[in-house]
Amino acid sequence: MTGLYSATNDLITRYVNVVPKKDTIKVENRLLDGTFHVQTIGTSADLLDVKLQAVSESVRARIDTAEATAEEVRIIFGNRYWDGIIRTSLSWEKVAGVFNTSFEFLVIRTGTL
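Residues numbered from 1 in each chain as written. Predicted model: local features only at pLDDT ≥ 70, side-chain atom pairs only at ≥ 80, totals over all residues. Heavy atoms only, no water.

## Let's talk about the pairing of strand β8 (residues 98-112)
Every other side chain in a regular strand lies on the same face of the sheet, so the side chains alternate between the two faces.
Then, number 1: When strand β4 (residues 36-54) meets β8, the two strands line up antiparallel, connected through eight bridges. Bridge pairing in β8 links L47 to L106.
Then, number 2: As paired strands, strand β6 (residues 80-86) and β8 are joined by seven bridges and run antiparallel to one another. Its bridge partner lying in β8, R80 is registered against T112. (Pairing = 2+ DSSP bridges. Helix = DSSP H or I, 4+ residues; strand = E, 2+ residues; numbered from the N terminus.)

Here you go:
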């Protein structure tokens, strides 16, 4: 079922939306003739842009703890799952009693259910 889960498979929140992307390190240099040379360093990391909702203060606190301790969590969306850590610090917005945030998720493992 779609949601953010702890390492022990406890559902933290089911209100999750994800967009997969890659994170690459590139070095761009302009050559003497004016053309560019682009070098990619290493292999790209798999990331997710995640938007989620926490329906209570305790859920928000649980997600904050996972981010602060770099706890490995699982995101399930459709028939796919991603295990990893919350990469960016969280900034919350409270709208109509629901806490909203977005963050980058660094993927360690992925698969299908």
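## Examining the pairing of strand β3 (residues 16-30)
Then, number 1: Here β3 runs beside β4; their pairing, made up of 14 bridges, is antiparallel. In the strand pairing of β4, D23 is matched with A45.
Then, number 2: The loop that links β3 with its antiparallel partner β4 comprises five residues; one of these, G34, has a positive phi angle of about 95°.

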